[in-house]
Amino acid sequence: MRTYDWDAPAKLFFWPAGNGWDEEATYPTLADALQAAAEGEPSTAWIITQDGDIIPPRRIADLRAEMDSMPRGRGSIARAFLPWARAA
């Protein structure tokens, strides 16, 4: 399974466009783009990551579920794998 940098910027767009949504918007993190995708029309939401990966609507739904299951306050999935490690 592909892993993504949850803290990197990501572009969200809806295709086909409609319902008054902007064609494309850049978000500071992938998590922010996923949240915004849920607020729009999920079946037409697509995300392009900073690395150039294109995330289709079905994968966005999977990532949203994964994000919702993450412990709150942990930041990103990448940082959650060492729960004992704390920033100085």
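Structural data are supplied above this passage.
This is a predicted model, so every value here is computed, not measured. (Residues numbered from 1 in each chain as written. Predicted model: local features only at pLDDT ≥ 70, side-chain atom pairs only at ≥ 80, totals over all residues. Heavy atoms only, no water.)

> How should I be thinking about the nonpolar core in this particular structure?
Across soluble globular proteins, nonpolar side chains have a tendency to be buried as a group. By size, the foremost hydrophobic cluster in this structure holds 17 residues, and its most contacted members are Leu12, Leu30, Leu34, Ile47, Ile55 and Ile60. Within the residue set of this core, elements represented by two or more residues are strand E1 (10–14), helix H1 (30–39), strand E3 (45–49) and helix H2 (57–69). Broken down by element, this core gets its largest block of residues, five residues, from H1. Among all residues touching leucine 30, those that are not within four sequence positions of it are Tyr4, Asp5, Trp6, Ala8, Ala10, Ile47 and Ile55. (Core = buried A, V, L, I, M, F, W, Y, C linked by side-chain atoms within 4.5 Å. Buried < 20%, exposed > 50% of the residue type's maximum accessible area, 1.4 Å probe, protein only. Helix = DSSP H or I, 4+ residues; strand = E, 2+ residues; numbered from the N terminus. Contact = heavy atoms within 4.5 Å.)

> Looking at this structure, I do not really get the side chain of arginine 64. What am I missing?
Counting through the fold element by element, arginine 64 comes out in helix H2. Classification of arginine 64 by relative accessible area gives buried; the value is 16%. Excluding residues within four positions of it along the chain, arginine 64 makes contact with Leu34, Gln35 and Ala38.

> How do you make sense of H1 when you look at a structure like this?
Side chains that are three or four residues apart share a direction in an α-helix, a result of its 3.6 residues per turn. Buried within H1 we find Leu30, Ala33, Leu34, Ala36 and Ala37. For H1, the angular spread of buried residues about the axis comes to 165 degrees, placing them on one side. Residues of H1 that are buried make contact with E1, strand E2 (24–27), E3, strand E4 (54–55) and H2. (Arc of directions from axis to C-beta.)

> Would you explain the pairing of E3 in this entry?
Along any regular strand the residues' side chains alternate between the sheet's two faces. Burial along E3 is one-sided: the face carrying Ala45, Ile47 and Thr49 is buried and the face carrying Trp46 and Ile48 is not. Note: E1 against E3, five bridges, orientation antiparallel. In the strand pairing of E3, phenylalanine 14 is matched with alanine 45. Two elements, E3 and E4, share two bridges in a ladder whose sense is antiparallel. Residue isoleucine 48 lies in a different strand from E4, and its bridge partner there is isoleucine 54. Linking E3 to E4, which pair antiparallel, is a turn of four residues; within it glycine 52 sits at a positive phi near 90 degrees. (Pairing = 2+ DSSP bridges.)

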